[in-house]
Amino acid sequence: MKATPIIALAIIIASTMVLAAAPSDGADGESYYYSQLDANGKAIYNELSNYEGYYEPSFTVTVQLPGVVLFDSANAAEAYAKDVLTVATWAKYLSEPMFVHLWNLPVEAVAGTVTVSEATVTVDEDIKTGFVAASVKFTLSVPSKLAEDLESRMKAVKTAAQSISNGVTGSNNAEMAKSIAKAITKDCKFTESMDADEGSVSNIYDCLVLGESGSRGFGQAFSLVCQLKGVEAITVNGSYYKDKTERIDSMWNAVECDGKWYDVDLINYKLGYGGTIMAGTTTNLTNNNSSRLHATVYVPERITGKSIDLMPHEIEREGYEFPDERPFYEKYSDYILLAGVAAIIIAFMAYAVRTGNIRIGYR
């Protein structure tokens, strides 16, 4: 059960908005996930922004929590702050693909130490006393395999991503998303075990520099190149169902085009499946042997605490319709063949009439 603060769900002090707002599409530069955080989640997210481009293997930070939420017990206040930390770090991981100190987040939850204090507040002339989470302290570390010479490794990621970005073509987000998908999957091998093995998770360095990655590296790499191209996209964490019973943890992307959102899955695109780029919930994922509905294959995960959730983006029902890019002959080969056969028949009949080998009509 979710912990219950003293007054309904929360007490909002002054103009500080504590409860998370409804998700937005990133207006005013806010990411989709950031827009769902409450004041305390945003404080954690923003504090982490001070460590972007920080190349030491780890750091410890204490974040003061500005939003006052009054609880009836110290344990409830502590649980709330830990939920906020979980959701805020996931929002950062899914929104900022180059934040290397969170690359192990899917297999290493961030543990925080919460400072709780007693507080007395007045609401509508009614004095209430309870407990509030005042601050949270936590440590973040880069994946151990990247700790040595981290700065040069991150520069290699940036160089590789920029190289892909420079070659992207397309007149809108959908076309650029397709171009990015082609470029990333062309040079990177998919290895499922890099995410499936216990304690193992892939990252952008694996995908763009080493050329072998699980779905998480592909998903984060796609988001990074989209950011470089100004394509509005997010990373989606969830489950992929290989069949009705076999489920694996996976990561894919959602891309905005003309105010609508669609899914992009680089893994199945690389494996030759149709219906993987700019897909809707009713799009069919197809190969030579099967066809399955997108909504039954991809199940986004809601990042859930006891009191706060982080929601994935809703996508369109119908997939995006790309122009038919097949060569002229491939698109119209059947019509050309029929026209050719008809022309031959007409020519033969005309020749027969002219030579008297066939008569039209009777006397």
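Please refer to the structure higher up on the page.
Structural notes, computed from the coordinates.

What counts and what doesn't
Residues numbered from 1 in each chain as written. Predicted model: local features only at pLDDT ≥ 70, side-chain atom pairs only at ≥ 80, totals over all residues. Heavy atoms only, no water. Axes fitted to C-alpha atoms, helices over the stretch in contact; angles between N-to-C directions. Helix = DSSP H or I, 4+ residues; strand = E, 2+ residues; numbered from the N terminus. Parallel < 35°, antiparallel > 145°, perpendicular 65-115°, else oblique. Left-handed = near helix turned anticlockwise from the far one by under 90°. Contact = heavy atoms within 4.5 Å. Nonpolar A, V, L, I, M, F, W, Y, C, P; charged D, E, K, R; others polar. Patch = residues over 30% accessible without salt bridge, like charges linked within 9 Å, V, L, I, M, F, W, Y side chains within 5 Å. Areas by Shrake-Rupley, 256 points an atom, 1.4 Å probe, with all protein chains shown as cover. Salt bridge = Lys/Arg side-chain N within 4 Å of Asp/Glu carboxyl O. Buried < 20%, exposed > 50% of the residue type's maximum accessible area, 1.4 Å probe, protein only. Expected span 1.5 Å × (residues − 1). Polar contact = N/O pair within 3.5 Å; in protein donor to acceptor, adjacent residues only side chain to side chain. Lys, Arg positive; Asp, Glu negative; His and termini not counted. Pairing = 2+ DSSP bridges.

Glancing now at the packing of helix H4 (residues 173-187) against helix H7 (residues 215-229). Taken N-terminus to C-terminus, the directions of H4 and H7 make an angle of 130 degrees; their axes are 10 Å apart at the nearest point. In terms of orientation, H4 lies oblique with respect to H7. For H4 against H7, the interelement crossing comes out right-handed. Residue-level contacts link Met176, Ala177, Ile180, Ala181, Ile184 and Thr185 of H4 to Phe218, Ala221, Phe222, Val225, Cys226 and Lys229 of H7. Of the residues assigned to the contact of H4 with H7, the class counts are 10 nonpolar, 1 polar and 1 charged.

Taken together, the side chains of Val341, Ile345, Phe348 and Met349 present a nonpolar region at the surface, about 390 Å² in accessible area. Following the sequence through the fold, methionine 349 ends up in helix H10 (residues 328-355). A relative accessible area of 40% means that methionine 349 is categorised as partly exposed.

A few words on the pattern of salt bridges. Tallied over the full model, the rule gives 11 salt bridges. Between arginine 302 and aspartate 309 there is a salt bridge whose closest N-O contact spans 3.4 Å. Shared partners join several salt bridges into a network, and the residues in it are Glu192, Lys242 and Glu246.

Here we come to H4. Its 15 residues place the ends of H4 22 Å apart at the C-alpha level, agreeing with the 21 Å of an ideal helix rising 1.5 Å per residue. Where H4 is buried, its residues meet helix H3 (150-166), helix H6 (204-210), H7, strand S7 (247-257), helix H8 (266-270) and strand S9 (277-279). A side-chain oxygen of the first residue of H4 lies 3.2 Å from the backbone nitrogen of alanine 174; this N-cap is asparagine 172.

Attention now moves to the side chain of aspartate 265. Summarising the element assignment, aspartate 265 is placed in the loop between strand S8 (260-264) and H8. The buried charged residue aspartate 265 lacks any salt bridge partner; its closest oppositely charged side chain belongs to arginine 292, at an N-O distance of 8.6 Å. At 2.5 Å, the side chain of aspartate 265 forms a polar contact with the side chain of tyrosine 298. Discounting residues that sit within four places of it in the chain, aspartate 265 has contacts with Trp252, Thr276 and Tyr298.

So, on to the pairing of strand S1 (residues 58-64). Of the two faces of S1, only one is covered, namely that formed by Phe59, Val61 and Val63; the face formed by Ser58, Thr60, Thr62 and Gln64 stays uncovered. Pairing of S1 with strand S3 (residues 126-141) involves 7 bridges; the strand directions are antiparallel. If you follow threonine 60 over to S3, its bridge partner there is threonine 139.

Strand order in this open sheet of 3 strands is S1-S3-S2, and the pairing throughout is antiparallel. Bordering the open sheet on either side are S1 and strand S2 (112-123), each of which pairs with just one other strand. On average, adjacent strands in this sheet sit at an angle of 15 degrees to one another, irrespective of strand direction. Bridge analysis of S2 against S3 gives 12 bridges, and the strand direction is antiparallel. Its bridge partner being in S3, threonine 122 is matched across the sheet by isoleucine 127. Sitting on the sheet, helix H1 (residues 39-49) is in contact with S1 and S3, with an inclination near 140 degrees to S1.

Just geometry here; none of it tells us what the structure is for.
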